[in-house]
Amino acid sequence: MLKYLLEKEFKQFFRNKALPKIAVVMPFMAILIFPLVANFEIKNINLTVVDNDKSTISRELTEKVRSGGYFRISEVADNYQEAMRGIELNTSDMILEIPAYFERDIVKEGTARLYIAANAVSGTKGGLGSAYLAGIVGDFNKNISTVLKDGAITISPRFWYNPRLLYTHFMVPALMVMVLAMVCGFLPALNIVGEKESGTIEQINVTPVKKLTFILSKLIPYWIIGFVVLTICFLAAWMAYGLVPVGSLATIYLFAALFVLSFSGFGLVISNYATTLQQAMFMMFFFLLTFIFMSGLYTPVANMPDWAQKLSIISPLKYIIIVLRQVYLKGSGFSELLTSFWMLSAFAVFFNGWAVLSYRKKS
Amino acid sequence: MKVIEVENLTKKFGSFTAVDNISFSVEKGEIFGFLGANGAGKTTAMRMLCGLLSPTSGKGVVAGYDILHDSEKVKASIGYMSQKFALYEDLKVWENIRLYAGIYGVSEKETRERTQLLLAELGFEKERNSLVKSLPLGWRQKLAFSVSIFHNPSIVFLDEPTGGVDPVTRRQFWEMIYQASERGITVFVTTHYMDEAEYCNRVSIMVDGRIDALDSPASLRKEFGAADMDEVFRKLARKSKNNGL
């Protein structure tokens with residue numbers, strides 16, 4: 001019986017005008033474009049300089065800030081009030097005010113003050129921008145003071161596993177998970193609800209098909225499609241960034257198989273409770289967004305408040321993202337990923353069991 | 001031999017009683033017409049008999065199995081054609097036949113052979129590889145009916161099978177129903193067309209969830225002193241509390 005139902009699912013999938021194309025294009029889009037736009041490095045900060053001193057040193061400082069690459073000096077204002085207008089109009093993110101007699105104070109007294117003001121509506125931009133600017137000023141300070149020649153302590157940091165601190169290398173494995181969740185969560189859910197809306201599910205319900213057979217017929221196709229999508233992701237990451245997993249691909253496929261099984265199961269549970277496509281979409285988006293924010297895709301789970309960390313255990317995405325990042329960047333093996341293995345297995349059993357139980361052939 | 005036996009079957013949705021304590025039985029090979037105005041409870045009653053809906057109270061035996069406890073066994077021995085068009089539109093004609101034949105456990109060899117015969121009988125040979133969505137409604141309904149009896153069920157339930165179909169195709173459809181009946185398949189059919197009611201061996205007329213009349217069309221006409229089934233139906237439907245008259 002299952003054979004006939006699977007045949008049907010595959011024929012319908014490949015006959016669909018959009019789905020096969022989306023399944024191929026989406027991984028490429030996600031891997032090639034998302035890492036470039038979802039980037040937390042702050043660049044192009046618009047800086048207004050209020051130079052009340054107009055001396056050699058103040059001009060040198062301005063030049064140094066400009067050449068750093070992080071700041072775009074959008075305007076040079078005559079006074080602080082005028083600079084604030086730029087912030088209010090959103091044409092400027094930060095203000096660097098150089099007071100009058102800046103050069104004289106440095107030369108005479110060996111010390112001088114600078115004022116930095118940041119628009120902190122976007123906290124990250126404000127915080128990081130101030131830190132960058134302070135860093136540049138500190139550097140400038142070191143150059144003009146001639147002290148600390150000997151015995152100066154230099155710290156040279158070494159970053160493990162992602163030596164160039166590339167944000168893309170951190171994001172790409174996690175984005176693969178997002179693509180997988182979209183394809184393998186949404187498609188089975190929308191498929192069943194689609195059958196509810198067209199009425200064909202009633203024709204199936206009036207046959208002696210077993211509940212488990214029916215659920216498997218919806219699960220297996222998306223499991224296979226999930227593997228294809230993941231493979232496309234690997235290829236895209238390799239072609240675009242030369243990123244290949246340090247660990248073994250087999251480990252990734254094993255965990256991906258578990259994840260797809262559990263997340264498709266979740267999609268099926270949604271489809272059993274939704275009666276229209278609209279409801280199903282809405283519920284899927286709500287849960288997917290919750291799962292993504294709880295997963296550590298963008299912000300490390302360890303940075304979350306205590307209660308959120310506890311809540312994050314309900315996100316299947318968290319465990320598979322850990323696996324992909326660890327295997328891709330660190331080369332972790334199966335034995336180091338046992339927690340994820342057990343959690344994903346538990347999710348798979350839980351959601352699929354729920355899906356079979358909540359699927360009603362009789363109302 | 002009785003293939004459907006229903007006793008005091010009732011279905012309530014909250015405070016609304018859709019099917020109110022109905023009892024009847026259907027003989028093997030009979031064409032049984034199930035009539036009633038919109039909302040009289042026909043579809044609800046039929047869905048209970050097919051094992052798609054649990055009754056609130058009462059009992060029913062279909063094809064020898066209890067509809068409450070053995071609904072999956074009931075499903076294996078019946079065919080069902082719902083009000084909504086229920087073949088897969090994005091599958092071809094032969095693929096739909098193969099899918100449902102496979103689900104009911106007809107062997108692949110038998111399916112292949114009989115698909116040829118069936119398409120020849122329907123005059124659909126050219127449409128074997130057409131997607132179902134490209135067929136006109138009348139053709140689809142004939143195909144859906146053929147698919148619903150492909151596995152030789154002992155009873156077939158048809159829920160308004162000829163709704164929206166032209167008179168010529170309706171005529172052909174009823175010829176197919178007679179053929180099925182000759183093969184020994186009991187036909188349980190709901191309809192709105194009173195001329196179709198005349199084709200049935202016996203008809204029941206539901207009003208507000210109850211069966212108000214049940215007999216052969218000829219006896220019903222006599223009993224109500226009516227010229228045709230249309231008049232019988234209107235006389236009965238007038239008694240309804242919710243017909244808006």
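In this text the structure is predicted, and so the values were computed from the model without any measurement.

Novice: An account of the nonpolar core is requested, with residue identities and associated values reported.
Specialist: Nonpolar side chains tend to gather and get buried jointly when the protein is soluble and globular. All names here are of chain B. Of all hydrophobic cores here, the largest spans 64 residues; its most connected members are Leu143, Phe145, Leu158, Ile205 and Met229. Among the elements that line this core, the one with the most residues is helix 3 (residues 93-103), at six residues. Once you skip the residues sitting within four places of it in the chain, Ile205 turns out to touch Leu35, Arg210, Ile211, Asp212, Ala213, Met229, Val232, Phe233 and Leu236.

Novice: Break down the environment of Pro300 of chain A for me, citing the residues and quoting the values.
Specialist: Topologically, Pro300 of chain A is positioned in the loop between helix 12 (277-294) and helix 13 (306-311). C-alpha separation for the pair Pro300 of chain A and Met1 of chain A, spaced 299 residues apart in sequence, amounts to 46 Å.

Novice: Give me the lowdown on the layout of surface pockets, citing residues and values where you can.
Specialist: Sizing a probe to match a water molecule and rolling it over the atoms shows the empty space that remains. All names here are of chain A. Here the largest pocket defines a volume of roughly 910 Å³. Along the wall of the largest pocket there are 32 residues; nearest its centre are Gln12, Asn16, Leu19, Leu190 and Asn191. Secondary-structure elements contributing two or more residues to the lining of the largest pocket are helix 1 (2-15), helix 2 (19-32), helix 8 (167-198), helix 10 (211-241) and helix 12. Element by element, the count of residues in the lining of the largest pocket is highest for helix 8, at nine residues. Residue composition of the lining of the largest pocket, grouped by class: 18 nonpolar, six polar and eight charged.

Novice: Quick rundown of the interface of chain A and chain B? Include the residues and the values.
Specialist: Contacts between the two partners involve 26 residues from chain A, matched on the other side by 35 residues from chain B. Buried area between chain A and chain B, both sides added, is near 2,700 Å², and the carbon and sulfur share of it is 52%. Contact with chain B buries surface across chain A, with Tyr4, Val206 and Lys362 of chain A losing the most and accounting together for 26% of the total. Counting across the interface, chain A meets chain B through five salt bridges. Put simply, Arg15 of chain A and Glu95 of chain B hold a salt bridge, and the shortest N to O gap is 2.7 Å. If you look at where chain A meets chain B, you find ten residue pairs in polar contact (both at pLDDT 80 or more). Among the secondary structure elements, those contributing two or more residues to the side of chain A that touches chain B are helix 1, helix 8 and helix 9 (200-205) of chain A. For the side of chain A that touches chain B, the element with the highest residue contribution is helix 1 of chain A, accounting for eight residues. A per-class count over the side of chain A that touches chain B returns seven nonpolar, eight polar and eleven charged.

Novice: Tell me about the side chain of Ser58 of chain A, and name the residues and values.
Specialist: Considering the arrangement of structural elements, one finds Ser58 of chain A in helix 4 (residues 56-67). Among residues more than four places away in sequence, those in contact with Ser58 of chain A are Asp51, Asp53, Ile98 and Phe102 of chain A.

Novice: Tell me about the pattern of salt bridges, residues and numbers included.
Specialist: For the coordinates displayed, the defined rule picks out 26 salt bridges over all chains. Between Lys2 of chain B and Glu27 of chain B there is a salt bridge, with its nearest N and O atoms 3.7 Å apart. Taken together, the residues span a long stretch of sequence, with Lys2 of chain B in strand 1 (residues 2-13) and Glu27 of chain B in strand 2 (residues 16-27) at a distance of 25 residues. Of the residues examined, Lys2 of chain B reaches a relative accessible area of 43% and is grouped as partly exposed. Glu27 of chain B gets classed as partly exposed once you look at its relative accessible area, which sits at 32%. Residues joined in a network through salt bridges with shared partners are Lys3, Glu7, Lys11 and Arg15 of chain A together with Glu95, Arg98 and Glu108 of chain B.

Novice: Tell me what's going on with the sheet that holds strand 4 (residues 115-118) of chain A, and back it up with residues and numbers.
Specialist: Residues and elements named next belong to chain A. Taken in spatial order, the four strands make up an open sheet running 2-1-3-4, and their pairing is mixed. Since the sheet does not close on itself, it has two edges, and those belong to strand 2 (71-77) and strand 4, each with one partner. Each strand axis lies, on average, 25° off the axis of its neighbour in the sheet, ignoring direction. Across five bridges, strand 1 (residues 45-51) lies against strand 3 (residues 94-98) in parallel orientation. Residue Val49 lies in a different strand from strand 3, and its bridge partner there is Leu96. Seen against the sheet, helix 5 (residues 80-88) touches strand 1, strand 2, strand 3 and strand 4 and runs at an angle of roughly 170° to strand 3.

Novice: An account of empty space enclosed by the protein is needed here, citing residue identities and associated values.
Specialist: A complete count under the given rule lists two cavities of 30 Å³ or more for this structure. Put simply, the largest cavity is a space of about 120 Å³. Put simply, the parts of the chain that give the lining of the largest cavity at least two residues each are strand 6 (78-81) and helix 5 (137-148) of chain B. Take the lining of the largest cavity: its biggest share by element is four residues, from helix 5 of chain B. A breakdown of the residues in the lining of the largest cavity according to their chemical character gives nine nonpolar, six polar and one charged. Estimates place the volume of the second largest cavity at around 40 Å³. Taken together, Tyr4, Glu7, Lys8 and Lys11 of chain A together with Leu91, Glu95, Arg98 and Leu99 of chain B form the lining of the second largest cavity.

Novice: Can you tell me about the confidence of the model for chain A, naming the residues and giving the values?
Specialist: Residue-level pLDDT values for chain A average 83, and 91% of them are 70 or greater. This stretch, residues 146-157 of chain A, has a pLDDT under 50; its non-local contacts, to residues over four places away or in other chains, come to zero contacts.

Procedures and definitions
Residues numbered from 1 in each chain as written. Chains lettered and ligands numbered in written order. Predicted model: local features only at pLDDT ≥ 70, side-chain atom pairs only at ≥ 80, totals over all residues. Heavy atoms only, no water. Core = buried A, V, L, I, M, F, W, Y, C linked by side-chain atoms within 4.5 Å. Buried < 20%, exposed > 50% of the residue type's maximum accessible area, 1.4 Å probe, protein only. Helix = DSSP H or I, 4+ residues; strand = E, 2+ residues; numbered from the N terminus. Contact = heavy atoms within 4.5 Å. 1 Å grid on protein atoms, 1.4 Å probe; cavity = no way out; pocket = protein on both sides within 12 Å on 5 of 7 lines; lining within 4 Å. Points joined across faces, edges and corners; volume = space filled by probe spheres on them. Nonpolar A, V, L, I, M, F, W, Y, C, P; charged D, E, K, R; others polar. Buried area = accessible area lost by both parts, 1.4 Å probe. Salt bridge = Lys/Arg side-chain N within 4 Å of Asp/Glu carboxyl O. Polar contact = N/O pair within 3.5 Å; in protein donor to acceptor, adjacent residues only side chain to side chain. Pairing = 2+ DSSP bridges. Axes fitted to C-alpha atoms, helices over the stretch in contact; angles between N-to-C directions. pLDDT = per-residue confidence, 0-100.

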